[in-house]
Amino acid sequence: MNPLFVGIDVSSRNNVAYLMKPDGSKHSSFSVQNNLGGAKLLSERIVSALHSMQLCDVVIGLEATSIYGDSLVYALREDGGLSQFQRKIHVLNPKQVKKFKEAYPDLPKNDWVDAFVIADHLRFGRIGKEVIRVARALDMEVLAYSRTFRYGYLVTTSPQLSNLPSAAPSFVRSPTSGIFDSHGVTGGVYKTRERIHR
């Protein structure tokens, strides 16, 4: 199996993706909003990369980030475009990723580097079984956010939703939209940095 490796650094507003070829070289990196439109755009970019390289397999990984990643995992698993490929989605323990990153002591700390590290961890690390966190019973907050992400609006008819925290993910507060401009990591002499930028 020669899969495309996709590392995603998830935050409340944006998701940074690093697409790595089977040999470890860079295909592309970009940022999308953490909402339904961003998830669809991410999926489209992954599908386009798979077609361009004539690959049939993709391994996607992101760190466990409480509520912010659950809806993205669900969207990627339910996406019709990705369903035509053999795909695995892993939700990684942040401590596991941090330990792997220790092999690259000269790398800075930012979202773009983290996405690269996750992709490289998928290529080299012992990940184990595919993790589908959205299959478990979610608490009220996560369930509300997931429904918002899927349908594009928040159902407010239930009084139980009135206690949702004000710091909701961006897909609750903002309309769906497209891609952000990609930017890289400050250049350096290390080969790993070159892999991130190439």
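Structure first, text after, so check above.
Conventions used here
- Residues numbered from 1 in each chain as written.
- Predicted model: local features only at pLDDT ≥ 70, side-chain atom pairs only at ≥ 80, totals over all residues.
- Heavy atoms only, no water.
- Helix = DSSP H or I, 4+ residues; strand = E, 2+ residues; numbered from the N terminus.
- Buried < 20%, exposed > 50% of the residue type's maximum accessible area, 1.4 Å probe, protein only.
- Contact = heavy atoms within 4.5 Å.
- Areas by Shrake-Rupley, 256 points an atom, 1.4 Å probe, with all protein chains shown as cover.
- Phe/Tyr/Trp six-rings, centres within 6.5 Å; stacked < 30°, edge-to-face > 60°.
- Lys NZ or Arg CZ within 6 Å of the ring centre and 35° of its normal.
- Polar contact = N/O pair within 3.5 Å; in protein donor to acceptor, adjacent residues only side chain to side chain.
- Arc of directions from axis to C-beta.
- Pairing = 2+ DSSP bridges.
- Core = buried A, V, L, I, M, F, W, Y, C linked by side-chain atoms within 4.5 Å.

Thoughts on the overall build of the chain
Looking only at helices and strands, the chain has 7 helices and 6 strands in total. Counting helices and strands in the order they occur from the N terminus, the chain gives β-β-β-α-β-α-β-α-α-α-α-β-α. Counting every position in the chain, which comprises 198 residues, the buried fraction comes to 47%. Intrachain contacts of the chain at a sequence separation of at least 6 include 67% that bridge at least 24 residues. For the chain, the exposed surface amounts to about 10200 Å²; the carbon and sulfur share of it is 50%.

Describing the packing of aromatic side chains
Under the defined criterion, the tally for this structure stands at 3 aromatic pairs. Ring centres of Phe 100 and Tyr 104 lie 6.0 Å apart, and the angle between their planes is 70°; this geometry places the pair in the edge-to-face category. Clustering of aromatic rings is evident, with ring pairs tying together Tyr 18, Phe 100, Tyr 104 and Phe 116. Geometry around Phe 30 places Arg 45 over its ring, the cationic atom sitting 4.0 Å from the centre.

A look at the environment of Asn 34
Along the chain, Asn 34 falls in the loop between β3 (26–33) and α1 (36–53). Sequence separation between Asn 34 and Tyr 68 is 34 residues, and the spatial gap between their C-alpha atoms is 8.0 Å. In terms of polar contacts, Asn 34 uses its side chain to reach the side chain of Asn 15, at 3.4 Å.

A word on helix α3 (residues 94–101)
Two residues of an α-helix separated by three or four positions point the same way, owing to the 3.6 residues in each turn. Where α3 is concerned, the buried positions are Val 97, Phe 100 and Lys 101. Buried residues of α3, seen end-on, are gathered within an arc of 100° and therefore sit on one face of the element. In α3, the exposed residues that point more than 90 degrees away from the buried face are Lys 95, Lys 98 and Lys 99. Tucked inside the fold, the buried residues of α3 contact β4 (57–63), β5 (86–92) and α4 (111–124). The opening residue of α3 is Asn 93, an N-cap whose side-chain oxygen sits 2.8 Å from the backbone nitrogen of Lys 95.

Section: the pairing of strand β2 (residues 14–20)
With 6 of its 7 residues buried, β2 lies for the most part within the structure. As paired elements, strand β1 (residues 4–10) and β2 share 6 bridges and run antiparallel to each other. Within the sheet, the bridge partner assigned to Val 10 lies in β2 and is Asn 15. Inspection of the sheet shows β2 paired to β3 by 7 bridges, in the antiparallel sense. Bridging from a neighbouring strand, Ala 17 pairs with Phe 30 of β3. In this structure, the hairpin formed by β2 and β3 is closed by a connection of 5 residues, where Gly 24 is found at a positive phi of approximately 95°.

Description of the nonpolar core
Within soluble globular proteins, side chains that are nonpolar generally end up buried alongside one another. Counting 27 residues, the largest nonpolar core has Leu 4, Ile 8, Leu 42, Ile 46 and Ile 60 as the members making the most contacts within it. The set of elements that each furnish at least two residues to this core consists of β1, β2, β3, α1, β4, α2 (67–78) and β5. The element contributing the most residues to this core is α1, with 7 residues. Not counting residues within four places of it along the chain, the set of residues in contact with Leu 42 comprises Ile 8, Ala 17, Phe 30, Val 32, Leu 72 and Leu 76. Counting residues in hydrophobic clusters, the runner-up holds 18 residues, among them Tyr 18, Val 59, Leu 92 and Tyr 104.

By themselves, these figures tell us nothing about what the structure is for.
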